[in-house]
Amino acid sequence: MSIKENFELAKQAYAKWGVDVEEVVEKLKSVPISIHCWQGDDVAGFEVNQNELSGGIDVTGNYPGKAKTAEQLRSDLEKALSLIPGKHRVNLHAIYAETNGEVVERDQLEPKHFENWVKWAKENGLGLDYNPTLFSHPKADDGLTLSHPNEEIREFWINHCIGSRKIGEYFGRELGTPALTNIWIPDGYKDIPSDRLTPRKRLKESLDKIFAIEMDERYNLDAVESKVFGIGSESYVVGSHEFYLNYAMKNNKLCLLDTGHYHPTETVSNKISSMLLFSEKLALHVSRPVRWDSDHVVILDDELREIALEIVRNDALDRVIIGLDFFDASINRVAAWTIGTRNMIKALLYAMLVPNEYLKQLQEEGNFTERLALMEEFKTYPFGAVWDYYCEKMGVPVREAWLEEVKAYEQEVLLKR
C-alpha cells in the first residue's frame, strides 16, 4: 500500500477515539525544536585561541567530517534541517562567535560577532537561541565561575553573561522571535565541601547583577539550568536544582530542565506537570543520559515519549520551549542531529495521537483497568503511518531514506575536510 493509503487507514483507527489526525499533523508543523549547534563540531567552537574542553563535559569518538569553521557548521546544519520535518531553531554557544581572526575575550563579545549567524537564520527561516560559555577557558580552570571567591573572575563572567543577554536580545529583534538565553555553569567541588552556603550566596549575587540589566522580553527570554553533578564536581554543584528552581520562581526567570542533569532514578517527565502549575513557561534540554550525563543521541525511548505526553496532555506545546543537547563524535554528526531531532518530533506526534482526554477521564473515574489497557494498546496503533505521511507532506525523506542522503553528503563533503 502507498503512504497515503496507510495514512487513511490510520486516520480511521484513530478517529474511533476522537483523534483528528489531519488536525494533529497541522498542529505539529508549528512546534519548533531548538537544535544545538555543538553536535556538529564536538563543542569546540571557533575561538582564535582554542581551549581544551572542560566543565565536566566530554565528547568521545573521532568520526571523520567534524566542522572546523562556521561556514562548514552552517552547511552541516542545513543538510540536517533538510532531512527534518518542520521549521525549527538553532541554539548557539558564545564560542561560536566569528571574530575574523581577532582575539576577542568572552566578556567583550557583541552582536556584530554573530551577524553571519543572523543573516543565515533569516535566509533559512530559523530562530536562534543562545548560551554564554562558562567553560573551556583559563578563568574556569579551577571549576568555579560565577561563584568564584575571586571577585575579578566573578566580574569577568558576570560581564560575559550580561553581554550574552544583549546578543540574545539582538537575535530576537532581528529574527522576530524571542531568543532563549540560558545560563549554565560548571561550578562545584570534586570532594565534600566544608561550606555549601557561601558559594551559593556568591552565585545568587552574581545572577542578581546579571539580571539587573533589563532586556526586552519580546526579544529575549532568560533561563537558568541546574545540574546534579559533573566530572570534577561529583560531591557538590553550586547551581543545584533547588537553587535554580527557587531563583527562577523568585526572579521570574525560566527554569531549564536538562534530562541528563538529575539523579539516574529521577525523570524530567515527572517534573513537568509540577513546573507548569507554578511557571508560565518552562524550558527543556532533551538529552539521553546513559548512567550519567553522557549526552547520548536522543532515541525514541520510554522517557522521551513520557516527556512528550506530559507536554501534550497538559496543553503546553506553547509553554514548553524544547531544545536538544547531545554530542556524539563516534557517529556521523549530521546523522546524529537527524536521528535525535526526528525522534523528538516523533515523540510529540505519538503523544498528540493518544486520546489523552479520555484517558484522563478514566483515571478520574478510577477505571484503572481500561486506562492501562488503552495506554498499552496505543503503543502499537499505526503511528508510523502518520509519521510517514507527515514527512512526505513536509518534503523530507520518509523512513530511513534520509540515511542515503547523509551517506552521499559524507562522501561529497565531510570526508574531503
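Structure's up top.
Described in the following lines is the structure provided in the data block.

Conventions adopted
- Residues numbered from 1 in each chain as written.
- Predicted model: local features only at pLDDT ≥ 70, side-chain atom pairs only at ≥ 80, totals over all residues.
- Heavy atoms only, no water.
- Helix = DSSP H or I, 4+ residues; strand = E, 2+ residues; numbered from the N terminus.
- Rg over C-alpha atoms; globule rule 2.2 N^0.38 Å.
- Buried < 20%, exposed > 50% of the residue type's maximum accessible area, 1.4 Å probe, protein only.
- Areas by Shrake-Rupley, 256 points an atom, 1.4 Å probe, with all protein chains shown as cover.
- Lys, Arg positive; Asp, Glu negative; His and termini not counted.
- Charge placed at Lys NZ, Arg CZ, Asp CG, Glu CD.
- Salt bridge = Lys/Arg side-chain N within 4 Å of Asp/Glu carboxyl O.

## Some remarks on the overall build of the protein
Part 1 of the argument: The number of helices and strands found in the protein is 14 helices and 10 strands.
Part 2 of the argument: Here the protein has a C-alpha radius of gyration of 22 Å; the compact-globule value for 417 residues is 22 Å, and the two agree.
Part 3 of the argument: Considered along the principal axes of its C-alpha atoms, the protein spans approximately 65 × 55 × 40 Å.
Part 4 of the argument: Scored against the burial criterion, the 417 residues of the protein give a buried share of 55%.
Part 5 of the argument: For the protein, the exposed surface amounts to about 18500 Å²; the carbon and sulfur share of it is 49%.
Part 6 of the argument: In the protein, the 49 positive side-chain charges and the 68 negative ones have mean positions that sit 1 Å from each other.

## A word on the pattern of salt bridges
A side chain with one charge can pair with a side chain of the opposite charge if their charged atoms come near.
Part 1 of the argument: Applying the stated criterion across every chain yields a total of 27 salt bridges.
Part 2 of the argument: Here Glu8 makes a salt bridge to Lys11, at a shortest N to O gap of 3.7 Å. With a gap of three residues between them, Glu8 and Lys11 both fall in helix H1 (residues 3-15), about one helical turn apart.
Part 3 of the argument: Taking the relative accessible area as the measure of exposure, Lys11 reaches 24% and is therefore partly exposed.
Part 4 of the argument: Note that Glu357 and Lys360 form a salt bridge whose closest N and O atoms lie 3.4 Å from each other. Taken as a pair, Glu357 and Lys360 lie in helix H11 (residues 356-365) at a separation of three residues, close to a single helical turn.

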